[in-house]
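Fold and geometry: a report
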Amino acid sequence: MSKRDPRYDPLFEPVKIGPVTAKNRFYQVPHCTGMGWMRPRMVADLRGVKAEGGWGVVCTEYCSIHPSSDDAPYPSHSLWDKNDIKSHRLMTDKLHEHGALAGAELWVSGSRSANLLTREVPMDVASLPNSNGDPYQSRTMDRADIKELKRWHRNAALRARDAGFDIVYVYATHEYLFDNFLNPKLNTRSDEYGGSLENRMRLVREIIEETKDAVGDKCAVAVRFTVDDGGGADGVPVHGERMEMFESMAELPDLWDINISDYSLEMGVSRFVKEGSLETYMSEVKSKTSKPVVTVGRFTSPDTMISQVNRGIVDFIGAARPSIADPFLPQKIEQGRPEDIRECIGCNICYTGDSRHVPIRCTQNPTMGEEWRRGWHPEKIDPKGSDSQILIVGAGPTGLEAARALGQRGYDVILAEASRELGGRVNHESRLPGLAEWARVRDYRVTQMAKMPNVAVYLENNLALDDILEIGADHVAIATGATWRRDGFGSYHIVPMQPLPPTESTYTPDDIMSGRLPVGSTLVYDDDGFYMGSVIAEKLRENGNPVIYLTPEPKVSSWSSNNAEQPRVHRRLVELGVEIILNYGLDAFDGEQAVLGCSYTGQQRNVSVENVVMVSSRTPQDQLYYSLLGAIENNRPGAPKTVKRIGDAEAPAIIAAAVFSGHKYAREIDVEIDRDNPFKHDRVFFEDNQ
Amino acid sequence: MARNPRYDILFEPVKIGPVTAKNRFYQVPHCNGMGHQYPSSMAEMRGVKAEGGWAVVCTEEVEVSHISEHSPLVEGRLWDDRDIPVFEKMTDKIHQYGGLAGIQPTFLGANAGNLYSREIPLAPSLRPVEGYAPIQARAMTRADIRNVRKCYVDAALRAKRAGFDIIYNYAAHDETVQMHFLSRRHNQRTDEYGGSLENRSRLFREVMSDMKDAVGDTCAIAVRFAVDELLGLDGISCDAEGHDIIEMLAEVPDLWDVNVSSWENDSLPSRFGEMGSQEQYTSFVKQVTGKPVVGVGRYTSPDKMVSLIKSGKLDLIGAARPSIADPFLPNKIDEGREEDIRECIGCNICVTADFTCTPFRCTQNPTMGEEWRRGWHPENIAPKKSDDSVLIVGAGPAGLEAAQALGKRGYEVILAEVGTELGGRVIKESSLPGLSEWIRVRDYREGQLIKLANVEIYRDNWLDAAQILEFGFQHVAIATGSQWLSDGRGRINHFAIDGHQQAHVFTPDDIMKGAVLQGSVTIFDDDHFYMGGVLAEKLRSEGHEVTLVTPAADVSSWTHNTLEQERIQTRLLEMDVIIKAHRNLCEIKVGEVELACTFTDRRERLQADNVVMVTMREPIDGLYQELSDNQLALDTAGIKSLTSIGDCLSPGIIAAAVWSGHRYARELDEPVSDEVPFKRELPGQLVV
């Protein structure tokens, strides 16, 4: 193995954090996983794999200190009682095995949580409506509540220590309770916890002191804190009072984990936000404290990281998403193979796990969330189970991942691609406005396969049935993707439109991506609900077309609410001068007039427009699959033992699902899988913990 | 007390294939937000219903395989043998009380994105999954169909082992693959499973005969079938294919459980439908089949139930919501105390639990979901632990519930109400369009209080702090409610809106008190539950031009969770209410308001003679504050505890107010601790 580039040596220096020492500067900041207390084994192995991959510090997601902070159905973790100590031990033991420090993010909610599970009345600095939209208001904390809260926080810190954590957080950001006490807009109290800056800081200060007092001898106390007041343009911080607050508490904790008030920038998608975007917010932070500082910035480049450290912006390279896309990122730098890093593409599919209350997944890393339940490791895979030859037809995200993972297993693999380049939909989509980083899905896999002599790649090879039979591979996977439909079929029209709109003025995203662009005014009909409709609208505005964006949903790109980009998408379309029509489906189009139907009443209205782009649903390209099935049934010479359709050719979905499908195919070749019971899961048993 | 002989017919046994229900009360399958995540809670809740006299108690949807799972929704799970003990617990409890246990195995197909298992969803034909998740279901192959049938058979066998007496073949709510195959709009197949009704019903029939073969000797096979989807020609309807299917299979299952689809139409809230709203669609069924028929209609009146049986519309009185509001409904009729029934108000708060993936609650029945974890029983409550007396100030939902529950514990209670009428917010809100049934929250409690000699009610009684201190009670609960803010503060605005002090700015309280408005009205809804939409309906029907402004994407956004949103927005649009979504209210002037786009902050002006602010509420807690600020006076007066409850503690929904009052009553004289106040349900720590 090659050696680490000495330029990166400082990334591997140990850093003292109060009473504990991190072995290097790689720091997985707290991030949600869609697992929490409901799925403790899944989360323990997920974190454990990161420690194995070299992260010096690995933190939990938000851990509720008491039933009065209950974010259900969002899967938080908890530190309520002895059961939770046992549950967290599963994780801390694994981290310590690999020499990592374990951090626990203690969390107090306030009016952001409705306590739907525990039914406790939410408490906050004032009586505030639930910011998640649930019909509950918080009550104003009185002195007795504050006293009680401090005791609960202290007890949770003690439980964290007993669970083996090395770092205990005071979580004073993200519009949760401590943050709200700091906030002059929300904190209008007239007691010693409200009014002046000093009074508003009192609770946070007391909690830090209490936590140090409780566990400071053994554990470092970290504070997660926002250094700006929001309101500025991206990259232009308005620090307001925040710097003053920071300065006055600068030496109190053992570590500062810094973020900013605009969540959609802090964890922005790559469509809108690039690597290192918090730097301008951080510029003054380190000069005001002697304590180590960590922040995030979707860092995947070791050069950027080293520059952050060398220039004194941060002490630790904080990461959530890059550690999800590549749990072995630190080790790969250390071993002098940074080209092996699976770089985060900034699609925020990881975040949708939390939004949809299910385990996290990742576009780049198909093993994410599968570490425990399927035993998938991000870097290791079982060696091949036979000398079979495997043909993969189609080199989109699915075919590439299947070929790479099978190659890693040692199989003799042929990857055939009809076009001149590898990547399939990722090539096309990454050329759309803002999506350039998505090409990393292709780049990582192409780089890996280049190192594998057992993987043969054939470009411009549009295989027909006879070609495949001639190759005579043992197993064939059909990964030929899907094409966008032209007939409007989707969620609004569950049968094709009748009559069909005129072909010459109807376009699909495939047309647009392959360069067939409409002339004149164009209606983008988005019955898909994710990013494609809005990106096509943006592309056509760039092209100069007047654009109407139409959707039967009440929001632009409604599903994008799940990955935290929806408001930015809407703003972008407005800025580009796209006319937005919500709550209407496309009932008919004749080349001149589009007839729109109200999603609620069915009432119709007409819009004059010259072209329509249908963004509704896709058709799997699975003809080859069926011909091969026939060949197998008919025992044709050269027919494979098995044929499978994988990725979008099986069922069109997101890129993450396509990569996952390819990976799963590779994992399961020559492996006996119990089809009725293919993974373990954290199951609730009766009165198990009583 | 003896049962009224008029109701004897409701207590006749009914044979259902190889099993017999002891009476005609039938809890149809319903979700509860507990399922596999909170199985002990689920089992205990079902057991309490059996205890309350329901002859049949069913599960919720129960997933039969990881290849079709409903995450994040929390349903039942019977994926493999290890899931059997959960249901054994449930059936044991039901059998203990002589009930039959029913299970509804469910293969969801394109209704579920398989977000947890990451398997590809299946459907008769290619289609996007329900909602806008970026997932498409694939068209099922013959092997898939065989596998689905196997899943159902495996589930039926496991269900039998778990002790179930009735096993469902479920084709309702547009929810299962069987139903998707039946549907012309979902099934575009050209093989023997597509085309004619005979072909489209093939899977449905196969599942039925598979189940009969597997377990039909000892278990009844029930069908849950939607006879009408209210979609006209696009769907199944009771005068076409709905009828044909029942005719085709009339005598095949052991029981027909019939309803209308989808869920929005089946579980109609009282705002949009009264008791028995499905009869027009389902009443034909009994004429076509000789098998017992069960149907639902939010039936809470025993007279109505008797008439359904006598008129030959139903054999069994199906209930989901009425059995949630009152698990003891059958026993109360049996014991001749119909007036004790806690009637469902049709608010659909129970339904919200499914969408919020948390244990369900009920406005009328605060013990719902708490049976196991807190040991709360809907009818039994621990006797008092001291001879202390309790003063409750305020007779809204919280005060009423606290008084009746404390009264049942045996405490001496005085309930003091400033008004003449009891009920607080439910009096005002039940006078709004469509919400009249909500008054039942008061009616039940008032009915109970009248019987309690140890509870005294003082009406027209305004108490100040000095009087309370003089009274000599050991415990004081302040339940004085809350009031709507007029200054616009809420979710989106943390500061008051400019111009809010003007005379033409109103609150929901003003409107409910009968404020007279002249001219056009702009409602600013930053509350997002029912209030903004219902006021728009009221003011529009009184002839005002109405514009509803909301920062949300749609009207009454949270009512997606109560299955009402689509109906509310449609109704407002049809009444010509103008809807301005994604807008904040920035400034109020004379005759106009300024709005801002929530995304871009672009401004627009709107003509508005009046503005109604529906944003947030503030507790009316002056009395509580005054008392709590003077600990010395409390001590001197011998007041051991002073507590604020309900909206006075924190404004919420009516269900939360009732719950708060109930909790106060349960916890009086109980020790306070830092421990988690209920039993938790956690993954087994040592078992894989």
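Just so we're clear, the structure is a prediction, and the values are computed from it rather than from any experiment.

Time to look at the overall build of chain A. Each helix and strand in chain A was counted, giving 21 helices and 28 strands. In chain A, which comprises 690 residues, the proportion classed as buried is 61%. A separation of at least 24 residues holds for 71% of the contacts in chain A among residues at least 6 apart in sequence.

A few words now on the nonpolar core. One finds A:Leu106, A:Val168, A:Val170, A:Phe178, A:Val524, B:Ile167 and B:Ala402 to be the most contacted residues of the largest nonpolar core, which totals 369 residues. Sequence-distant contacts of A:Val168, defined by excluding residues within four places in its chain, comprise A:Ala104, A:Leu106, A:Ala157, A:Ala160, A:Thr211, A:Val215, A:Cys219 and A:Val221.

The subject of this paragraph is the sheet that holds strand E27 (residues 610-614) of chain B. Backbone hydrogen bonds are what pair the strands of a sheet, in a parallel or an antiparallel way. All names here are of chain B. The sheet built from five strands is open, its strands ordered E20-E27-E21-E22-E23 with parallel pairing. Strands with a single pairing partner mark the edges of an open sheet, and in this sheet they are strand E20 (505-506) and strand E23 (578-580). Of the pairings in the sheet, the one linking strand E21 (residues 521-525) to strand E22 (residues 546-549) comprises four bridges and is parallel in character. Considered in E22, the bridge of Ile523 is made with Leu548.

Moving on, we get to the interface of chain A and chain B. On the chain B side, the residues contacting the 71 residues of chain A number 69 residues. Looking at the side of chain A that touches chain B, the elements that each hand over two or more residues are helix H2 (82-97), helix H3 (143-162) and helix H19 (566-575) of chain A. The biggest single contributor to the side of chain A that touches chain B is H19(A), with four residues.

This next bit is on unusual backbone geometry. A cis amide bond links A:Ala72 with the next residue in sequence, A:Pro73, at an omega value of 10 degrees. Looking at where A:Pro73 falls in the secondary structure, it is placed in the loop between strand E4 (57-64) and strand E5 (77-78). Each neighbour pair has its own omega, and for B:Ser71 with B:Pro72 the value is 10 degrees, a cis peptide bond. You can see B:Pro72 is positioned in the loop between strand E4 (56-63) and strand E5 (76-77). A positive phi angle, near 55 degrees, is found at A:Asn115, a position not held by glycine. Looking at the element boundaries, A:Asn115 is found in the loop between strand E6 (101-107) and strand E7 (123-124). Backbone geometry at B:His528 places phi at a positive 80 degrees, although glycine is not the residue there. As for its placement among the helices and strands, B:His528 is situated in the loop between E21 and helix H20 (530-541). On the neighbour-count criterion, B:His528 (27 C-beta atoms within 10 Å) is buried.

Attention now goes to the sheet that holds strand E23 (residues 584-589) of chain A. All names here are of chain A. On the basis of which strands lie adjacent, the open sheet formed by three strands has the order E23-E24-E25 and antiparallel pairing. The sheet terminates laterally at E23 and strand E25 (604-608), the two strands that pair on one side only. In this sheet, neighbouring strand axes are inclined to one another by 35 degrees on average, regardless of whether the strands run parallel or antiparallel. Sheet topology note: the strand E24 (residues 593-598)/E25 ladder contains five bridges and is antiparallel. Paired with Val595 across the strands is Asn606, a residue of E25.

Here we take up helix H21 (residues 655-668) of chain A. All names here are of chain A. With 14 residues, H21 should cover 20 Å at 1.5 Å per step; its first-to-last C-alpha distance of 20 Å lies within 8% of that length. Among the 14 residues in H21, 13 count as buried, and that is most of the element. With its phi angle positive at about 60 degrees, Asp670 sits one or two positions after the end of H21.

Residues and elements named next belong to chain B. Their axes nearest at 10 Å, the elements H20 and helix H21 (residues 565-574) cross at an angle of 30 degrees. If you check the angle between H20 and H21, you find them roughly parallel. Our pair here, H20 against H21, has a crossing hand that is left-handed. Along its contact with H20, which presents Gly533, Ala536 and Glu537, the element H21 presents Ile568, Arg571 and Leu572.

Moving on: helix H7 (residues 241-249) of chain B. Residues and elements named next belong to chain B. For H7, the complete set of buried residues consists of Glu241, Gly242, Ile245, Ile246 and Leu249. Mapping the buried residues of H7 onto a view down its axis gives an arc of 140 degrees, with all of them on the same face. The elements touched by buried residues of H7 are helix H5 (197-200), helix H6 (202-215), strand E11 (220-228) and helix H10 (285-288).

All names here are of chain A. Looking at the element boundaries, Arg89 is found in helix H2. Assessed through the 18 C-beta atoms surrounding it within 10 Å, Arg89 is described here as partly exposed. Sequence separation between Arg89 and Phe165 is 76 residues, and the spatial gap between their C-alpha atoms is 8.7 Å. Filtering out sequence-adjacent residues up to four positions away, Arg89 remains in contact with Ala163 and Gly164.

Okay, the confidence of the model for chain B next. Per-residue confidence for chain B gives a mean pLDDT of 96; residues scoring 70 or more make up 99%. The complex prediction reports pTM at 0.96, with the ipTM value standing at 0.94.

Residue and element names in this part refer to chain A. Taken N-terminus to C-terminus, the directions of helix H13 (residues 397-409) and helix H15 (residues 440-450) make an angle of 30 degrees; their axes are 9 Å apart at the nearest point. On the basis of their axis angle, the class for H13 and H15 is roughly parallel. The two elements H13 and H15 meet at a crossing, and its hand is left-handed. On H15, the residues that touch Pro397, Leu400, Glu401, Ala403, Arg404 and Gly407 of H13 are Val441, Arg442, Arg445, Gln448 and Met449.

What counts and what doesn't
Residues numbered from 1 in each chain as written. Chains lettered and ligands numbered in written order. Predicted model: local features only at pLDDT ≥ 70, side-chain atom pairs only at ≥ 80, totals over all residues. Helix = DSSP H or I, 4+ residues; strand = E, 2+ residues; numbered from the N terminus. Buried ≥ 20, exposed ≤ 12 C-beta atoms within 10 Å, placed from the backbone. Contact = placed C-beta atoms within 7 Å. Core = buried A, V, L, I, M, F, W, Y, C linked by C-beta atoms within 7 Å. Pairing = 2+ DSSP bridges. Axes fitted to C-alpha atoms, helices over the stretch in contact; angles between N-to-C directions. Expected span 1.5 Å × (residues − 1). Parallel < 35°, antiparallel > 145°, perpendicular 65-115°, else oblique. Left-handed = near helix turned anticlockwise from the far one by under 90°. Arc of directions from axis to C-beta. pLDDT = per-residue confidence, 0-100.

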